[in-house]
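# Coordinate analysis (summary)
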Amino acid sequence: MFLESIRFILVQNRQGKTRLEKWYSDYGEQERQKLKAEVHRTVASRDQKHQSNFVEFYNHRIIYRRYAGLFFCFCVDTNDNELACLEAIHLFVEVLDSYHGNVCELDLVFNFYMVYAVLDEIILAGEIQETSRSVILSRLDQLSNLE
């Protein structure tokens, strides 16, 4: 279940405020701001009941999933497996839920270092490295024991 290349990951709230961003491709600061605004505009305007979670976006594809008031968005190559990417988003949210109880937007804001640690355990250099929730949680426990 390995994706060839994730370009970037964004977690944004309904108002468009970015709560997490991870860039695996080289984009300038102005281009990043433009991409964040365009991604939010694209996914927030979609009908959740009648449209898919896959959106063509320039020469790439945005795979997103909405959990409560947050949009978890991955930008991937067009030839990548969309369902594997959706599964990676779900795994990310499951691990956050397991670690925090029921994760909410404030957990992302006040514990951003832990959120990035979870993301780094799952994805490395734009490729999914680990898909086992129990392995990820045990690594996070080891990491918290070091602190």
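Residues numbered from 1 in each chain as written. Predicted model: local features only at pLDDT ≥ 70, side-chain atom pairs only at ≥ 80, totals over all residues. Heavy atoms only, no water.

The chain goes by AP complex subunit sigma in an unreviewed UniProt entry, where it is assigned to Coemansia umbellata. Within the UniProt record for the chain, the comment given under Sequence similarities (unreviewed entry) is "Belongs to the adaptor complexes small subunit family." (UniProt positions renumbered as here; feature names shortened; annotations may be inferred.)

### What to know about the overall build of the chain
Looking only at helices and strands, the chain features 5 helices and 7 strands. Along the chain, helices (α) and strands (β) appear in the sequence β-β-α-β-β-β-α-α-α-β-β-α when read from the amino end. Over its C-alpha trace the chain gives a radius of gyration of 15 Å, about what one expects of a compact globule, namely 15 Å for 147 residues. Taking the principal axes of the C-alpha coordinates as reference, the chain spans close to 45 × 35 × 30 Å. Burial status across the chain gives 44% buried among its 147 residues. Once local pairs closer than 6 in sequence are excluded, the contacts in the chain between residues at least 24 apart make up 50%. A distance of 7 Å separates the average location of the 16 positive side-chain charges in the chain from that of its 22 negative side-chain charges. (Helix = DSSP H or I, 4+ residues; strand = E, 2+ residues; numbered from the N terminus. Rg over C-alpha atoms; globule rule 2.2 N^0.38 Å. Buried < 20%, exposed > 50% of the residue type's maximum accessible area, 1.4 Å probe, protein only. Contact = heavy atoms within 4.5 Å. Lys, Arg positive; Asp, Glu negative; His and termini not counted. Charge placed at Lys NZ, Arg CZ, Asp CG, Glu CD.)

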